[in-house]
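Structural overview
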Amino acid sequence: LLNDPQGFAERLLQQLRSSSAKFELRLLMMALLSQLVASHELLLLNYYAFLTKYVQPHQPHVSHILAYAAQACHELVPPDALEPMVRAIVSHFVSDRSRPEVIAIGLNTLREISARVPAALDETLLHDLVQYRKDRDKNVVAAARSLVA
């Protein structure tokens, strides 16, 4: 039990932003911050913008970062705060020029985000993402179908 989870999370985010520690330590800080935000349903809107800069397919441990991003989403987060991160995931992961496994990871992350914040994906974006049901790769097809279900 934390006495002031919001204050602790804000201080941890500030320390994470200014940290020059090894990337593995920053990943652990991100994991702790995501768990705090999720369990206490905190509004830490700068955290999503911070995570956006790490949403690149070539980034080491990108699957962990995407999991932390999805974990930190909850129903109290306004969809406007998630829009840059969702847009970054779509542009870097879910595009025709991406590899099939990268597209599947992006679609699965977007599914988890939309399960936690239903308004995070607008109707036109969701319609475009569902078009990946007709892809050749079975993992992409399964990920696109899971967006509908």
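Scroll up a little and you will see the structure.
In short, a report on the structure.

Looking now at the overall build of the chain. Looking only at helices and strands, one finds eight helices and zero strands in the chain. Listing every helix and strand of the chain by position from the N terminus yields α-α-α-α-α-α-α-α. By the compact-globule yardstick of 15 Å for 149 residues, the chain fits well, its C-alpha radius of gyration being 16 Å. Excluding contacts between residues fewer than 6 apart, the proportion of contacts in the chain whose partners are at least 24 apart in sequence is 65%. Working note: accessible area of the chain is about 8300 Å², and carbon and sulfur atoms make up 53% of it.

The next point concerns the nonpolar core. With 53 residues, the main nonpolar core has Met30, Tyr47, Leu82, Leu107 and Ile113 as its most contacted residues. Among the secondary structure elements, those contributing two or more residues to this core are α1 (5-17), α2 (23-40), α3 (45-52), α4 (62-71), α5 (79-92), α6 (100-116), α7 (123-130) and α8 (138-148). Leaving out residues up to four positions away in the same chain, Leu82 has contacts with Tyr48, Cys73, Val77, Ile113, Val117 and Ala120.

The topology assignment puts Ser114 in helix α6. Engagement of the side chain of Ser114 in a polar contact is seen with the backbone oxygen of Arg111, the distance being 3.0 Å. The contacts of Ser114, once residues within four sequence positions are left out, are Leu121 and Leu147.

Once that is clear, we can look at a nonpolar patch on the surface. Taken together, the side chains of Leu2, Phe8 and Leu32 make up a nonpolar region of the molecular surface, amounting to roughly 230 Å² of accessible area. Examined against the element boundaries, Leu32 turns out to sit in helix α2.

The next point concerns the side chain of Thr109. Here Thr109 shows up in helix α6. In contact with Thr109, other than residues within four places in its own chain, are Leu66 and Ile89.

A few words now on the packing of α4 against α6. As a packed pair, α4 and α6 sit with axes 9 Å apart at the nearest point and diverge in direction by 15 degrees. Considered as vectors, α4 and α6 are oriented roughly parallel to each other. For α4 against α6, the interelement crossing comes out right-handed. Contact with α4, carried on its side by Leu66, Ala70 and Gln71, involves Ile105, Thr109, Glu112, Ile113 and Arg116 of α6 and no other residues of that element. When its residues are assigned to classes, the contact of α4 with α6 shows four nonpolar, two polar and two charged.

For any two aromatic rings, the description comes down to two numbers: the centre-to-centre distance and the angle of the planes. Evaluation of the coordinates by the stated rule reveals three aromatic pairs. When the ring of Phe23 is compared with that of Tyr54, the centres are 5.9 Å apart and the planes differ by 45 degrees; the resulting orientation is tilted. Of the two residues, Phe23 is situated in helix α2 and Tyr54 in the loop between α3 and α4; the sequence distance between them amounts to 31 residues. A relative accessible area of 10% places Tyr54 in the buried class. Pairwise contacts between aromatic rings join Phe23, Phe50 and Tyr54 into one cluster.

If you trace the backbone, Leu76 turns up in the loop between α4 and α5. Residue classification places Leu76 among the partly exposed positions, given a relative accessible area of 48%. Sequence separation between Leu76 and Glu41 is 35 residues, and the spatial gap between their C-alpha atoms is 7.0 Å.

The rules we used
- Residues numbered from 1 in each chain as written.
- Predicted model: local features only at pLDDT ≥ 70, side-chain atom pairs only at ≥ 80, totals over all residues.
- Heavy atoms only, no water.
- Helix = DSSP H or I, 4+ residues; strand = E, 2+ residues; numbered from the N terminus.
- Rg over C-alpha atoms; globule rule 2.2 N^0.38 Å.
- Contact = heavy atoms within 4.5 Å.
- Areas by Shrake-Rupley, 256 points an atom, 1.4 Å probe, with all protein chains shown as cover.
- Core = buried A, V, L, I, M, F, W, Y, C linked by side-chain atoms within 4.5 Å.
- Buried < 20%, exposed > 50% of the residue type's maximum accessible area, 1.4 Å probe, protein only.
- Polar contact = N/O pair within 3.5 Å; in protein donor to acceptor, adjacent residues only side chain to side chain.
- Patch = residues over 30% accessible without salt bridge, like charges linked within 9 Å, V, L, I, M, F, W, Y side chains within 5 Å.
- Salt bridge = Lys/Arg side-chain N within 4 Å of Asp/Glu carboxyl O.
- Axes fitted to C-alpha atoms, helices over the stretch in contact; angles between N-to-C directions.
- Parallel < 35°, antiparallel > 145°, perpendicular 65-115°, else oblique.
- Left-handed = near helix turned anticlockwise from the far one by under 90°.
- Nonpolar A, V, L, I, M, F, W, Y, C, P; charged D, E, K, R; others polar.
- Phe/Tyr/Trp six-rings, centres within 6.5 Å; stacked < 30°, edge-to-face > 60°.

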